[in-house]
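# Survey of secondary and tertiary structure
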Amino acid sequence: FKLKTVELVGFEKISQKNINKIINDYQFRNSLLVFPHNNFWLFDKSTMKEKIYEQYYFEEFKIKKKWPNKVIIEVKEKESVINWLSNNLCFHLDQSGLAIEFCETSNGHLCIKDTANKPLKIGERPIEINELSYIIELDEQVKSLLVNKLNILNIETDISGLHFFTEEGAVLKFNPKLQVNDQIARLHTLINQPEVHDNLGNL
């Protein structure tokens, strides 16, 4: 009853090589010190899902065993929108703030660093949905206001507020207790002062 095929369906951005490694590690780890899990009857779908979900989170996930020697893993991937840095690790977050995978490639997403370095695991939320939505909206409006003036590299968050670091060296500091529109209005006023407007790259 040896399994001959594990078919992967729906994997687009996630590396199938990495998924196959997780599957192989599970399949060839002995069960009861006698038989490996690459046996049709000993291959446990729930355990396999747990192993994969230690590193990846999905919108939809199904495992089917097809007699006599095949397993089909079918998924729908989640969309990542944020790169979250904490404790020297990089995670991709979805729109709700859920950590769905470790960063494997540079995707050009907004990058937020948690300077408190709170431990994080796949399937956990390091930030509340409303807080993440606030940062995303603020980032979009700041970039729109500063287009062709300053380029945002990344954002750091700590108990004192939000710090936007720019390619030019200037650091913009925001108070998350204030409304986004209020802060954008203040920033607009600030950068249009002559002593600031003409020296944005030197601040």
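This text follows the structure it describes.
This write-up is about the structure you can find in this document. Remember, predicted model here, so these are calculated numbers, not experimental data. (Residues numbered from 1 in each chain as written. Predicted model: local features only at pLDDT ≥ 70, side-chain atom pairs only at ≥ 80, totals over all residues. Heavy atoms only, no water.)

### Some details on the layout of surface pockets
Where empty space is left in the structure can be found by rolling a water-sized probe over the atoms. Here the largest pocket defines a volume of roughly 380 Å³. In terms of lining residues, the largest pocket is bounded by 16 residues, among which Ile 127, Glu 131, Thr 157, Asp 158 and Leu 162 are the most central. Residue assignment for the lining of the largest pocket shows that the elements contributing at least two residues are α3 (129-145), β10 (152-158) and β11 (161-166). The dominant element in the lining of the largest pocket, judged by the number of residues it contributes, is α3, at four residues. Residue classes in the lining of the largest pocket are distributed as nine nonpolar, three polar and four charged. Of the volumes computed, that of the second largest pocket is approximately 160 Å³. Considering the residues around the second largest pocket, the lining is formed by Lys 13, Ile 14, Glu 79, Ser 80, His 92, Glu 101, Phe 102, Glu 104, Thr 105, Asn 107 and His 109. When its residues are assigned to classes, the lining of the second largest pocket shows two nonpolar, five polar and four charged. (1 Å grid on protein atoms, 1.4 Å probe; cavity = no way out; pocket = protein on both sides within 12 Å on 5 of 7 lines; lining within 4 Å. Points joined across faces, edges and corners; volume = space filled by probe spheres on them. Helix = DSSP H or I, 4+ residues; strand = E, 2+ residues; numbered from the N terminus. Nonpolar A, V, L, I, M, F, W, Y, C, P; charged D, E, K, R; others polar.)

### Things to note about the environment of Lys 78
With respect to the helices, strands and loops of the structure, Lys 78 is situated in the loop between β5 (70-77) and β6 (82-86). A C-alpha to C-alpha distance of 21 Å links Lys 78 and Glu 137, two positions 59 residues apart in sequence. Those residues in contact with Lys 78 that sit more than four places away from it in its chain are Lys 13, Tyr 57, Phe 58, Glu 59, Asp 94, Leu 98 and Ile 100. Side chain to side chain, Lys 78 and Glu 59 meet in a polar contact 3.4 Å long. At a separation of 3.2 Å, a polar atom in the side chain of Lys 78 contacts the side chain of Asp 94. (Contact = heavy atoms within 4.5 Å. Polar contact = N/O pair within 3.5 Å; in protein donor to acceptor, adjacent residues only side chain to side chain.)

### Topic: the state of the cysteines
Summed over all chains, the structure comprises one disulfide. In this model, Cys 90 is linked to Cys 103 through a disulfide, with the two sulfur atoms separated by 2.0 Å. Judged by the sign of its S-S torsion, about -60 degrees, the cystine formed by Cys 90 and Cys 103 is left-handed. In this pair, Cys 90 sits in strand β7 (residues 89-93) while Cys 103 sits in the loop between β8 (99-102) and β9 (110-114), placing the two residues 13 residues apart along the sequence. On the accessibility criterion, Cys 90 (23% relative accessible area) is partly exposed. (Disulfide = S-S within 2.5 Å. Buried < 20%, exposed > 50% of the residue type's maximum accessible area, 1.4 Å probe, protein only.)

### What to know about empty space enclosed by the protein
Counting across every chain of the model gives one cavity of 30 Å³ or more. Lining the largest cavity are Lys 13, Ile 14, Tyr 57, Phe 58, Glu 77, Lys 78, Ile 100 and Glu 101. Considered class by class, the residues forming the lining of the largest cavity number four nonpolar, no polar and four charged.

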